[in-house]
Amino acid sequence: MLDLKMLEVLELRGTHHWVPSAQRLFGGQIIGQALVAAAKSVSDNLYAHSLHCYFVRPGDPTVPVLYQVDRTRDGRSFTVRSVKAIQHGQPILICQASFQVLQPSPLQHQFPMPVVPQPEDLLTVEELIQRYLSQADLTESAKQGLNKLLANEVPIEMKPVSPAHFYRFASGEPRRLFWARARGYIGEGNMKLHCCVAAYVSDYALLGTVLLPYSKYKARFIASLDHAMWFHSTFRSDEWMLYECVSPWAASSRGLVEGRLWRRDGVLAASCSQEGVLRVKPVTENSKL
Ligand SMILES: CCCCCC(=O)SCCNC(=O)CCNC(=O)[C@H](O)C(C)(C)COP(=O)(O)OP(=O)(O)OC[C@H]1O[C@@H](n2cnc3c(N)ncnc32)[C@H](O)[C@@H]1OP(=O)(O)O
């Protein structure tokens, strides 16, 4: 999915693999592909260190996305690219991505990684859903919801640290922790690709963190408005990383979320921030989902 077709030097085309049930393109896919497009126009000694995006229109899953890259600036240390993702002649995402030559520094610090169970001690999303489906007291609509989730072929493997909280069975603090990795093998050596995959992963389940204190409400309309991401160290996106998502604020039909992707050895790999629009309605039936 991140293997874009080069149409011209600065024009690439991306196609879709997984489309969420909302029938608009998954934001993470558009960010990941935009970063691929930007990365293809910079030299091999440059590494992505940040990106800033606005989602300005919903993505249409029935047509491919055209990525137009502008070589905004090439500097001695930093190089900036602007990418427009276009469908039907109009931008759906605008993105700036910045790349840096590796530069060692004595200034080095990071927060400590949260202490959580290791992925080997937790169940995958699929195993959890199978377990919930085997419960006798499930309502028909809960069963349907779970089967729909199971049929979702998301290219990310996930292991929630606190499953009841992850699935919003009860209200809780707006903080979500899960282990995540890309399905399949990517291998070492292509740090640009690992950053693009992490950008894809970073948009998944992030905005839903805003809803965690409100189990009496369900989303009527939810979409990310913007997304910023910073890459801090080398990492493998096909190996388990802990994704810590926190929402410090929500009001005015909007919510702010912050994400941290941790390598399992405790190194902070990437951080992100996102604001989204969330319109909700009260949960009416006695469903667990
Ligand atoms: C599974 C993981 C998902 C992760 C999250 C993602 O990936 S989300 C995917 C990435 N993000 C996106 O695709 C967002 C792309 N951007 C946008 O779609 C747009 O910028 C936007 C909808 C957010 C802008 O909102 P606007 O309100 O300005 O747009 P627009 O006027 O087109 O309205 C969109 C829909 O919201 C309704 N609407 C607008 N204002 C409303 C209001 N105050 N109260 C109720 N409903 C309202 C409209 O009637 C319309 O519904 P109708 O449409 O029924 O007529």
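Residues numbered from 1 in each chain as written. Predicted model: local features only at pLDDT ≥ 70, side-chain atom pairs only at ≥ 80, totals over all residues. Heavy atoms only, no water.

Student: I'm lost on the UniProt feature "domain: Acyl-CoA thioesterase-like N-terminal HotDog" (unreviewed entry) in the protein chain in this one. Help?
Tutor: Here, the residues flagged by UniProt with the feature "domain: Acyl-CoA thioesterase-like N-terminal HotDog" (unreviewed entry) are residues 17–100. Across residues 17–100 one finds 15% helix and 49% strand; the C-alpha atoms that close the span lie 30 Å apart. (UniProt positions renumbered as here; feature names shortened; annotations may be inferred. Helix = DSSP H or I, 4+ residues; strand = E, 2+ residues; numbered from the N terminus.)

Student: What am I meant to see in the side chain of Lys-159 here?
Tutor: Within the secondary structure layout, Lys-159 lies in strand S7 (residues 156–160). For the buried residue Lys-159, which engages in no salt bridge, the nearest side chain bearing the opposite charge is Glu-127, 5.3 Å off. Sequence-distant contacts of Lys-159, that is, excluding residues within four places in its chain, are made with Pro-119, Glu-120, Leu-122, Leu-123, Thr-124, Phe-178, Trp-179 and Trp-240. (Buried < 20%, exposed > 50% of the residue type's maximum accessible area, 1.4 Å probe, protein only. Lys, Arg positive; Asp, Glu negative; His and termini not counted. Salt bridge = Lys/Arg side-chain N within 4 Å of Asp/Glu carboxyl O. Contact = heavy atoms within 4.5 Å.)

Student: Before we go on, may I ask you to explain empty space enclosed by the protein in this structure?
Tutor: Where empty space is left in the structure can be found by rolling a water-sized probe over the atoms. All told, the structure shown has 2 cavities of 30 Å³ or more when counted by the stated rule. Each pocket or cavity is described by its volume, and for the second largest cavity that value is around 30 Å³. The wall of the second largest cavity is formed by Ala-180, Arg-181, Ala-198, Val-201, Ser-237, Met-241 and Leu-261. Among the elements of the structure, strand S8 (175–182) and helix H5 (191–202) are those that each provide at least two residues to the lining of the second largest cavity. Grouping the constituent residues of the lining of the second largest cavity by class yields 5 nonpolar, 1 polar and 1 charged. (1 Å grid on protein atoms, 1.4 Å probe; cavity = no way out; pocket = protein on both sides within 12 Å on 5 of 7 lines; lining within 4 Å. Points joined across faces, edges and corners; volume = space filled by probe spheres on them. Nonpolar A, V, L, I, M, F, W, Y, C, P; charged D, E, K, R; others polar.)

Student: Can you help me understand the side chain of Arg-168 in this one?
Tutor: The residue Arg-168 is located in the loop between helix H4 (163–166) and S8 in this model. Only 2.7 Å separates the side chain of Arg-168 from the backbone oxygen of Tyr-214, close enough to count as a polar contact. Only 2.7 Å separates the side chain of Arg-168 from the backbone oxygen of Tyr-217, close enough to count as a polar contact. When residues no more than four places from it in sequence are discounted, the contact partners of Arg-168 are Leu-211, Leu-212, Tyr-214, Ser-215 and Tyr-217. (Polar contact = N/O pair within 3.5 Å; in protein donor to acceptor, adjacent residues only side chain to side chain.)

Student: How do you make sense of the pattern of salt bridges when you look at a structure like this?
Tutor: For side chains of opposite charge, pairing can occur when their charged atoms come near one another. Inspection of the entire model under this criterion finds 11 salt bridges. For Glu-157, the salt bridge goes to Arg-181, with nearest N and O atoms at 3.0 Å. One end of the pair, Glu-157, is in strand S7; the other, Arg-181, is in strand S8, and 24 residues separate them in sequence. With relative accessibility at 24%, the residue Arg-181 sits in the partly exposed group.

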